[in-house]
Amino acid sequence: MHRLLNNLMLFTFIICSSLSVNAQSFSDLDKSPMDAVMVRNEDNSPLVRIIYSRPFKRGREIFGNLVPFEKVWRTGANETTEIRFYEHCYVNGQPIKKGTYALFSIPNEDEWTIIINQNYQDWGAYNYKESADVLRFNLKVQETATSVEQFSISTRPAKNGAYLFMGWDNTFLRFTVKPDPSLFPEEIEVEDDLPAKTQTSKKTKKTKRFLGIF
């Protein structure tokens, strides 16, 4: 009986110790949690995906202070913001090949520069190199109706494409993404099992409509 009691106490101690170690191995919730935005075509195939982290305002002055003007920003927090195009697209009127890129920005008081860059597997914008830029365009700053507590990227439908919105504090910006398979014709996919004269490229797909937060 005494041996059984000792074994039971030892077993209880091991279980409690194990639970304590496991509990301590989990970190707290991220202060800037990761999120994703997905734009899909009407047939549910993906068009654009953005993976980013969402910092909070928490009573701070954001643009021009926490996020300095005239400096490259990761457009979020933590890892570099990643944008993937599943089809060749026009981004705010400029062509880009399908692929995965970084989404950087340079905030200013009245106008931002949006940057799509090749180096997406990184932390922040510390190793940003302008030589790796794929395209740049400028956007006018607009004022939100109410303050946005957490940095957010959202989407709404546009003619033959989608609008992408970025907003935080009292600031938001908007740009368009429109698929066009006729871009970069050397990379157009064809049906291999059809005779050469009847081979056709994929047609432009209508973008599925999603409502965003703005």
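Before any of the text, the structure's been laid out above.
Residues numbered from 1 in each chain as written. Predicted model: local features only at pLDDT ≥ 70, side-chain atom pairs only at ≥ 80, totals over all residues. Heavy atoms only, no water.

## Things to note about the sheet that holds strand β2 (residues 46-53)
Stated precisely, the cut-off is as follows: For two strands to count as paired, DSSP must find a minimum of two bridges between them. Per the convention used, a helix needs a DSSP run of H or I reaching at least four residues, while a strand needs a run of E reaching at least two, with both numbered from the N terminus. Angular values range over 0 to 180 degrees, each being the angle between N-to-C directions of two axes fitted as lines to C-alpha atoms, with helices fitted over their stretch in contact.
Strand order across the open sheet formed by six strands is β1-β2-β3-β6-β7-β8, with antiparallel pairing between neighbours. The sheet is open, and its two edges are formed by β1 (34-40) and β8 (133-140), each paired on a single side. Averaged over all adjacent pairs, the angle separating strand axes in this sheet is 20°, with direction ignored. As judged from the seven bridges shared by β1 and β2, these two strands associate in the antiparallel manner. Paired with Val-37 across the strands is Ile-50, a residue of β2.

## So, the sheet that holds strand β4 (residues 89-91)
Adjacent strands of a sheet pair through backbone hydrogen bonds, lying either parallel or antiparallel. With respect to topology, four strands assemble into an open sheet ordered β5-β4-β10-β9, the strand pairing being antiparallel. The open sheet has two edge strands, β5 (94-96) and β9 (142-158), and neither has a second partner. Across the sheet, the mean angle separating the axes of adjacent strands is 25° when strand polarity is ignored. Sheet topology note: the β4/β5 ladder contains three bridges and is antiparallel. Pairing of Tyr-90 across the sheet is with Pro-95, part of β5.

## Comments concerning the pattern of salt bridges
Heads up, the condition is: Any Lys or Arg side-chain nitrogen found within 4 Å of a carboxyl oxygen on Asp or Glu counts as a salt bridge. Any residue under 20% of the maximum accessible area for its type is buried, any over 50% is exposed, and the rest in between are partly exposed; the area is computed with a 1.4 Å probe on protein chains only.
Using the criterion set out here, one finds five salt bridges in the structure. Arg-54 serves as the salt-bridge partner of Asp-35, at 3.2 Å between the closest nitrogen and oxygen. Of this pair, Asp-35 sits in strand β1 while Arg-54 sits in the loop between β2 and β3 (82-85); the two residues are 19 residues apart in sequence, bridging distant segments of the chain. With relative accessibility at 31%, the residue Asp-35 sits in the partly exposed group. By relative accessible area, Arg-54 is classed as buried at 17%. In this structure, the salt-bridge partner of Lys-140 is Glu-111, at a minimum N-O distance of 3.6 Å. One end of the pair, Lys-140, is in strand β8; the other, Glu-111, is in strand β7 (residues 111-117), with 29 residues separating them in the sequence.

## Brief notes about the packing of aromatic side chains
This is how the line gets drawn: Each Phe, Tyr or Trp ring, with Trp reduced to its six-membered ring, pairs with another whose centre is within 6.5 Å; inter-plane angles below 30 degrees give stacked pairs, above 60 give edge-to-face pairs, and intermediate values give tilted ones. A ring is considered to have a charge above it if a Lys NZ or an Arg CZ atom is located within 6 Å of its centre and within 35 degrees of its normal.
Using the criterion set out here, one finds 13 aromatic pairs in the structure. Plain terms: the ring middles of Trp-73 and Trp-168 are 6.1 Å apart, the flat faces sit at 10° to each other, and that makes the pair stacked. Of the two residues, Trp-73 is situated in the loop between β2 and β3 and Trp-168 in strand β10 (residues 161-179); the sequence distance between them amounts to 95 residues. Across the pair, exposure class does not vary: Trp-73 and Trp-168 are buried alike. Among the aromatic side chains, those forming a connected cluster through ring pairs are Tyr-52, Phe-63, Trp-73, Trp-112, Phe-151 and Trp-168. Lying across the ring of Phe-165, Arg-156 places its NZ or CZ 5.9 Å from the centre.

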